[in-house]
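Reading the structure
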Amino acid sequence: MVPPHLAAAQSLAKQDELTGMSLAQVSRKVRAGEVSPVALTQACLARIDRFNPMLNAFITVRHDEALAEARKAETEIREGRSRGPLHGIPIALKDNMDTAGVRTTGASELFKDRVPTEDAEVARRLKAAGAILLGKLNLNEFAYGGSSIVTHYGTMHNPWDLQRATGGSSGGSAAAVAADLCYAALGTDTAGSVRMPSSHCGIVGLKPTYGLVSTRGVLMLSWTLDHVGPMCKTAEDAAMVLGVIAGYDVLEPTSADRPPLDYTRELGKPTAALRLGIPRKYYEELNPEVAAAITAAIEVLRGMSAGTREIELPEATAGARLWGPEAYAFHRRWITESPERYQPATRASLQRYAKAEALDYVEARREVDLLRRNIGRVFANVDLLVTPMMRVPAPPLADGGGGGSGANPSVFNIFGLPAVSVRCGFTKSGLPIGLQIVGPPFKDATVLAMAHAYEQATPWRSRKPKLSTAAA
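Structure report, in brief.

Parameters at a glance
Residues numbered from 1 in each chain as written. Predicted model: local features only at pLDDT ≥ 70, side-chain atom pairs only at ≥ 80, totals over all residues. Heavy atoms only, no water. Helix = DSSP H or I, 4+ residues; strand = E, 2+ residues; numbered from the N terminus. Expected span 1.5 Å × (residues − 1). Bend = angle between axes of the 7 residues up to and from the residue. Buried < 20%, exposed > 50% of the residue type's maximum accessible area, 1.4 Å probe, protein only. Contact = heavy atoms within 4.5 Å. Pairing = 2+ DSSP bridges. Phe/Tyr/Trp six-rings, centres within 6.5 Å; stacked < 30°, edge-to-face > 60°. Disulfide = S-S within 2.5 Å.

Quick notes on helix α11 (residues 319–337)
Helix length check: α11 (19 residues) gives 27 Å between terminal C-alpha atoms against 27 Å at 1.5 Å per residue, within 8%. Along α11, the largest kink reaches about 70 degrees and is centred on H331. For α11, the full list of buried residues reads G319, L322, W323, G324, P325, E326, A327, Y328, H331, W334 and I335. Elements in contact with the buried residues of α11: α12 (344–351), α13 (358–374) and α14 (410–415).

This is the structure in structure tokens:
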């Protein structure tokens, strides 16, 4: 008979083995009948119970509901009614995406009891694909900020070092994926909020081309700059999720009418002919360890491409001149009637734009229109751009979490280009470092193909945070 303590240890090891796999790996096992959606969901829920108290990644966990969905998926798959590669796979959503019957708080006291009656379009598509919704993830309040400290539900913690920031605003999404609490998550990105925490937490985070993924049913920060994107363990996983959530939404004004694409199949395309642009401005003032990792990554990329050349990107200043007034317009009624229900930092940021100059906003909006119309010219002699993702590693929580300081992402929201953060190394203290790959409009598949090829050529994707050791 196995002693109880040894049986418990064996059970945890089996759970960790399951949750440690990538989405692509478990998807293949589910399709082959080697593992069940119920087992995957139980393993994720057990790991959430163990580690969420220290990470604070989840606001809402759907224990019973997720298991019921898993049992239904298991039956459907066994009966030959598979809905695709995400069927039976446990995922989670940033808590600014509406979910019918499940509270969507925006990490704010203002919406702590808000329960939508309809799903966001991305949630609807994931449900239709048979994904299992584990719950809703913590974030910087209303996605307004880059630290993931400003939230009604408490600070998020980086799985690689609990005293370090996750980055934001999708900090809960990044922490949950990095810590193997779920196989994938969705985040939102207005000025880098998918890619910044993905870099700091050592996962893959994709901001798709503007309009490729519907934002309908997502609590708005900026109509002009908001994107929804996958946050995953690998580029292959991101391609699988993007294949489900991408596509035209006739009810969303910003949605682009593009033909469907099999992003997973596109991963296998050769990269040897791709020309890489290096915008040197984005390499300034790098932390030395970040600089060393990026230099090494570029050498690897040169070997799998047609080489690199230096380029310049157009200036883009619209940023806060757009998202500030647009965020205030969305929140105007609540920030006027109940300002005390906002976190102080969010309240101050919103109120700053109560009297925004209309002329300044119009000029910023015009700048975005012109840049998006003309940005394709940048790619006349290159196919992709490569930059550091963040100039510094994840900052200490004691220093305020860093906000979005040291970031290279927001300009690509203005351009509307697809951009991915992929792990490219670690600091001496074990903090992950992110590399950013950017492509022309609607060349998301090419961006992911290069990220995937880079992952296959380097060892970084196999390294895990030592949470189990810390918890023992």
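Here we look at the pairing of strand β10 (residues 419–426)
Taking burial as the measure, the eight residues of β10 include eight buried ones, the bulk of the element. Alignment of strand β5 (residues 204–207) against β10, held across three bridges, turns out to be antiparallel. Counted as the bridge partner of K207 is A419 from β10. Judged from the seven bridges that link them, β10 and strand β11 (residues 432–438) form a sheet pairing that is antiparallel. Within β11, the residue paired with S421 across the bridge is Q436.

A look at the packing of aromatic side chains
Applying the stated criterion across every chain yields a total of eight aromatic pairs. Ring centres of F111 and F142 lie 5.4 Å apart, and the angle between their planes is 90 degrees; this geometry places the pair in the edge-to-face category. Of this pair, F111 sits in the loop between β2 (90–94) and α5 (121–128) while F142 sits in the loop between β3 (132–137) and α6 (171–178), and the two are 31 residues apart along the sequence. Since its relative accessible area comes to 8%, F111 is described here as buried.

Points about the state of the cysteines
Here, disulfide denotes a covalent bond that connects the sulfur atoms of two cysteines. Taken as a whole and judged by the stated rule, the model has zero disulfides. This cysteine, C44, is not joined by any disulfide, and C182 carries the nearest cysteine sulfur, 6.9 Å off. A relative accessible area of 1% places C182 in the buried class.

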